[in-house]
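Read off the chains here:
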Amino acid sequence: MFEKKFKFMPMNLDLIWNPAKEKFKIQQIQEEWEFLIRKTVGQWGSPKNILEIGCYDGGSSYYLSHFADHMITIDNNDPCRFDPADMNRNCYSDYTYVAGDSHAPEQTKLFDKHKWDFAFIDGDHSYEGVKADFYNLLPHLEKGTPVAFHDIVISDFHHTHGCYVGEFWRDLKKEYKATKFEEFSLNAEWAGIGLVWI
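In this text the structure is predicted, and so the values were computed from the model without any measurement.

The rules we used
- Residues numbered from 1 in each chain as written.
- Predicted model: local features only at pLDDT ≥ 70, side-chain atom pairs only at ≥ 80, totals over all residues.
- Heavy atoms only, no water.
- Axes fitted to C-alpha atoms, helices over the stretch in contact; angles between N-to-C directions.
- Helix = DSSP H or I, 4+ residues; strand = E, 2+ residues; numbered from the N terminus.
- Parallel < 35°, antiparallel > 145°, perpendicular 65-115°, else oblique.
- Left-handed = near helix turned anticlockwise from the far one by under 90°.
- Contact = heavy atoms within 4.5 Å.
- Nonpolar A, V, L, I, M, F, W, Y, C, P; charged D, E, K, R; others polar.
- Buried < 20%, exposed > 50% of the residue type's maximum accessible area, 1.4 Å probe, protein only.
- Polar contact = N/O pair within 3.5 Å; in protein donor to acceptor, adjacent residues only side chain to side chain.
- Salt bridge = Lys/Arg side-chain N within 4 Å of Asp/Glu carboxyl O.
- Pairing = 2+ DSSP bridges.
- Arc of directions from axis to C-beta.

### Quick look at the packing of helix H1 (residues 13-22) against helix H2 (residues 30-39)
Phase 1: Axis separation between H1 and H2 bottoms out at 12 Å; the angle between their running directions is 130 degrees. Taken together, the axes of H1 and H2 are oblique relative to one another. Judged by the twist between their axes, the crossing of H1 over H2 is right-handed. Mapping the contact onto sequence places Leu13, Asp14 and Trp17 in H1 and Gln30, Trp33, Glu34 and Ile37 in H2.
Phase 2: In terms of residue class, the contact of H1 with H2 is built from 4 nonpolar, 1 polar and 2 charged.

This is the structure:
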């Protein structure tokens, strides 16, 4: 069990994971998710700003909102599949759910709303979709900002479900000159977390 103390709140990560899994059906594998937390928001000493693209039932939103000052989630489900008030209670300042296409101008203009300290991309899983999310967001991030991707494993299972995030991740590591890349996966068929510090 990983435990992290924050200046703004003492926190046991299992206490967040359980409702994220049971109530909000978090889609990530716990060990992979804890890798993401340890490497990014778990190192913060105070709440900061988080942008999330894609959330489905809100498991990742619920979890990340505990670390957020301001947080925006963009997802194509309209109406939202959970009560955003649950996230707003966790954020230090505010949580906003925006329904719509993350590639559309009315959504991408939100990228200017705050200085983002972390971004989590788990929306459009097509190659061109995840590529658009990353490169649309990139000009709005400062050097060294971590960006996480879910579902980076390349597998027949992912392809059957229209997921080509792994191919984008593979190409990004070859083509983009990042500060750092890290990844972690436990399953050869699905999931996997990729982290890039831009």
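### Observations concerning the side chain of Asp86
Phase 1: By the element assignment, Asp86 lies in helix H4 (residues 84-88).
Phase 2: Judged by relative accessible area, which is 12%, Asp86 ranks as buried.
Phase 3: For Asp86, the side chain forms a polar contact with the side chain of Lys23, separated by 3.4 Å.
Phase 4: When neighbours within four sequence positions are excluded, Asp86 is seen to be in contact with Lys23 and Phe24.

### Describing the pattern of salt bridges
Phase 1: Tallied over the entire structure, the rule returns 8 salt bridges.
Phase 2: Across the pair Glu182 and Lys39 runs a salt bridge whose closest N-O atoms are separated by 3.0 Å. Highlighted residues: Glu182 in strand E8 (residues 180-184) and Lys39 in helix H2, separated in sequence by 143 residues.
Phase 3: Residue Lys39 is classed as partly exposed on the basis of its relative accessible area of 31%.
Phase 4: Across the pair Glu183 and Lys173 runs a salt bridge whose closest N-O atoms are separated by 2.7 Å. With Glu183 in strand E8 and Lys173 in helix H8 (residues 165-175), this pair connects stretches of sequence that are 10 residues apart.

### Some remarks on the sheet that holds strand E7 (residues 146-150)
Phase 1: If you trace the 7 strands from one edge of the open sheet to the other, you get E5-E4-E3-E6-E7-E9-E8, paired in mixed fashion. Whereas interior strands pair on both sides, the edge strands pair on one side only; in this sheet they are strand E5 (94-99) and E8. Averaged over all neighbouring strand pairs, the angle between strand axes comes to 15 degrees, with direction disregarded.
Phase 2: Pairing of strand E3 (residues 48-53) with strand E6 (residues 118-121) involves 4 bridges; the strand directions are parallel. Each residue of the ladder has a partner; that of Leu51, found in E6, is Ala119.
Phase 3: Against the sheet, H8 engages E7, E8 and strand E9 (193-197), with an angle of about 150 degrees to E8.

### Observations regarding helix H6 (residues 127-137)
Count 3.6 residues to each turn of an α-helix, and residues three or four apart come out pointing the same way.
Phase 1: Restricting attention to buried positions, one finds in H6 the residues Gly129, Val130, Asp133, Phe134 and Leu137. Projected onto a plane normal to the axis of H6, the buried residues spread over an arc of 130 degrees and lie on a single side.

### Side note on H1
Phase 1: Among the residues of H1, those classed as buried are Leu13, Ile16, Trp17 and Ala20. Projected down its long axis, H1 carries its buried residues within an arc of 100 degrees, all on one side. For H1, the exposed residues set more than 90 degrees away from the buried face come down to Leu15 and Glu22.

### Structural notes on the environment of Trp17
Phase 1: Mapped onto the elements, Trp17 comes out in helix H1.
Phase 2: Residue Trp17 is classed as buried on the basis of its relative accessible area of 6%.
Phase 3: For the pair Trp17 and Gly166, spaced 149 residues apart in sequence, the C-alpha separation works out to 25 Å.
Phase 4: Excluding residues within four positions of it along the chain, Trp17 makes contact with Ile26, Gln28, Ile29, Gln30, Trp33 and Tyr63.
Phase 5: One polar contact links Trp17 to Gln30, side chain to side chain, over a distance of 3.3 Å.

### A short note on the packing of H6 against H8
Phase 1: Two elements in contact, H6 and H8, have axes separated by 8 Å at closest approach and are oriented at 50 degrees. Judged by the inter-axis angle, H6 sits oblique to H8. Viewed along their axes, H6 and H8 form a crossing whose handedness is right-handed. Of the residues in H8, those touching H6 at Tyr127, Val130, Lys131, Phe134 and Tyr135 are Val165, Glu167, Phe168, Asp171 and Leu172.

Geometry only, nothing functional implied.
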